[in-house]
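Coordinate analysis (summary)
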Amino acid sequence: MQNAPILVIGSTGKTGSRIAKRLSEAGHVVRHGARKSEIPFDWERPETWPPVLAGVSSAYVSYFPDLAFPGAAEKIDALTKAAHGAGVKKLVLLSGRGESHAQYCEDIVRNSGLDFTLIRASWFAQNFSEGYLRDPALAGMIALSAGDVLEPIIDVDDIADVAVAALTDDRHTGQLYEVTGPRLLGFANAAAALSTAMGREVRYVPITLEEFHASMTEIGGPMIADVLTGICRETLDGRNQSLGDGVQRALRREPKDFGDFCRDAAATGAWRQAA
Ligand SMILES: NC(=O)c1ccc[n+]([C@@H]2O[C@H](COP(=O)([O-])OP(=O)(O)OC[C@H]3O[C@@H](n4cnc5c(N)ncnc54)[C@H](OP(=O)(O)O)[C@@H]3O)[C@@H](O)[C@H]2O)c1
């Protein structure tokens, strides 16, 4: 199995694209797991899973849209069983810090009989540069039901480094890595750092959970609004106001600071707008 492919589920996403690139650059054979990959993978079509899992040594699993969505645990369970059946040796699961549904899915992987590494991540810095908060940041206003809670925002590059280590080195087997940035940050401070890097004002506007739910209902409908509001209720209530040591334990180095992320993202044109 030395040269067996390593599967990256979500290989076109924020974490998966970085993991696939790093693995390829290090000489590993990567099997991409997204809907338009050479061998397509679709969470909604379980019949696509066996061909993607065939012959794979280990797999990175990022679930879409989020492990809190209805049906996610059943799919993680079914994927885990399919991986077992296909002879996959190890799963590396991306999970969310302070999320009960995500931790239920961690237990499914932990009890699967497969080797595993669990990566339990805090808020992604790249939410502001590649994710759903990029447009609001460019519009100058980030409205969240976060009050003055502090969050140790993590750079997705650090998650990718931890995942690559976990996929390629048995020393990480059986580990749960709580990966966070190196400092607790209020969203007003995050907005200030974004303002400096972007060269334009970005304001943080605290809103209530009810206001958040109403705006999400407009965008995605009531089911999506319910799930996303549930995630905010859980993860922005103060329970995550502490630093994790997963990056340090896995990589023996410090994670990247949010200010450095902002500077680097601006330098690479993350907020450049099409003319
Ligand atoms: N954002 C955060 O702050 C945060 C924090 C902690 C944990 N997380 C977790 O991170 C995970 C998302 O990872 P990410 O941000 O790296 O991904 P992402 O950037 O949201 O990208 C989503 C990926 O999923 C794929 N995808 C979408 N629909 C799919 C489907 N029906 N079947 C198969 N693949 C599908 C996309 O590929 P195609 O569209 O090309 O098929 C893409 O590769 C979620 O589980 C979330 O809970 C996020």
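Residues numbered from 1 in each chain as written. Predicted model: local features only at pLDDT ≥ 70, side-chain atom pairs only at ≥ 80, totals over all residues. Heavy atoms only, no water.

1. So, the overall build of the chain
- From N to C terminus, the chain includes 11 helices and 10 strands.
- Whereas a compact globule of 275 residues would reach a radius of gyration of roughly 19 Å, the chain reaches 18 Å, a difference of no more than 12%.
- For the chain, the spread of C-alpha atoms along the principal axes amounts to about 50 × 40 × 40 Å.
- A sequence separation of at least 24 residues applies to 76% of the contacts in the chain between residues at least 6 apart.
- As displayed, the chain has an accessible area near 12700 Å², and 53% of this comes from carbon and sulfur atoms.
- One way to put it: in the chain the 28 positive side-chain charges average out to a point 5 Å from where the 35 negative ones average out. (Helix = DSSP H or I, 4+ residues; strand = E, 2+ residues; numbered from the N terminus. Rg over C-alpha atoms; globule rule 2.2 N^0.38 Å. Contact = heavy atoms within 4.5 Å. Areas by Shrake-Rupley, 256 points an atom, 1.4 Å probe, with all protein chains shown as cover. Lys, Arg positive; Asp, Glu negative; His and termini not counted. Charge placed at Lys NZ, Arg CZ, Asp CG, Glu CD.)

2. Quick word on the site of the ligand
- Around the ligand, a shell composed of 24 residues is seen, among which Thr 12, Thr 15, Arg 35, Tyr 63 and Asp 66 lie nearest.
- For the ligand, an oxygen atom lies 2.7 Å from a polar atom in the side chain of Thr 12.
- One of the side-chain nitrogen or oxygen atoms of Asn 127 is found 2.9 Å away from an oxygen atom of the ligand.
- Its free accessible area being 920 Å², the ligand has 84% of it covered by the protein chains.
- Listing elements by their share of the shell around the ligand, those giving two or more residues are α1 (14-25) and β4 (90-96).
- Looking at which element gives the most residues to the shell around the ligand, the answer is β4, with three residues.
- Among the residues forming the shell around the ligand, the class breakdown is 10 nonpolar, 10 polar and four charged. (Near = heavy atom within 4 Å. Polar contact = N/O pair within 3.5 Å; in protein donor to acceptor, adjacent residues only side chain to side chain. Nonpolar A, V, L, I, M, F, W, Y, C, P; charged D, E, K, R; others polar.)

3. A look at the packing of helix α3 (residues 72-86) against helix α4 (residues 100-110)
- Between α3 and α4, the shortest axis-to-axis distance is 10 Å and the interhelical angle comes to 15°. With respect to α4, the axis of α3 lies roughly parallel. The hand of the α3/α4 crossing is right-handed. The segment α3 lies against α4, with Ala 72, Ala 73, Ile 76, Asp 77 and Thr 80 engaging Tyr 104, Cys 105, Ile 108 and Val 109.
- Here the contact of α3 with α4 is built from residues that sort into seven nonpolar, one polar and one charged. (Axes fitted to C-alpha atoms, helices over the stretch in contact; angles between N-to-C directions. Parallel < 35°, antiparallel > 145°, perpendicular 65-115°, else oblique. Left-handed = near helix turned anticlockwise from the far one by under 90°.)

4. Regarding the nonpolar core
- Membership of the largest hydrophobic core comes to 31 residues, with the highest contact counts inside it found for Phe 128, Phe 187, Leu 194 and Phe 258.
- Sorting the residues of this core by element identifies α5 (134-139), β6 (141-144), α7 (187-198), α8 (209-220), α9 (222-235) and α11 (258-267) as the ones contributing at least two each.
- Here this core takes five residues from α7, the largest share from any one element.
- Beyond its immediate chain neighbours, meaning those up to four positions away, Leu 194 contacts Phe 128, Ile 142, Gly 199, Val 202, Phe 258, Cys 262 and Trp 271.
- Core analysis: the next-biggest nonpolar cluster, separate from the first, contains 27 residues, Leu 53, Ile 76, Leu 91 and Ile 108 among them. (Core = buried A, V, L, I, M, F, W, Y, C linked by side-chain atoms within 4.5 Å. Buried < 20%, exposed > 50% of the residue type's maximum accessible area, 1.4 Å probe, protein only.)

5. Looking at the packing of α8 against α9
- It is the contact of α8 with α9, at a shortest axis distance of 8 Å, that shows an interaxial angle of 145°. Like other packed secondary-structure pairs, α8 and α9 cross with a definite hand, here right-handed. In this structure, α8 uses Leu 209, Phe 212, His 213, Met 216, Thr 217 and Gly 220 to contact α9, whose residues at the interface are Pro 222, Ile 224, Ala 225, Asp 226, Leu 228, Thr 229, Cys 232 and Arg 233.
- Residue composition of the contact of α8 with α9, grouped by class: eight nonpolar, four polar and two charged.

6. What about a nonpolar patch on the surface?
- A surface patch of nonpolar side chains, about 220 Å² in accessible area, is lined by Leu 150, Leu 184 and Leu 243.
- Tracing the backbone through its elements, the reader meets Leu 184 in the loop between β8 (176-179) and β9 (185-186). (Patch = residues over 30% accessible without salt bridge, like charges linked within 9 Å, V, L, I, M, F, W, Y side chains within 5 Å. Salt bridge = Lys/Arg side-chain N within 4 Å of Asp/Glu carboxyl O.)

No statement about biological role is implied by the geometric values presented.
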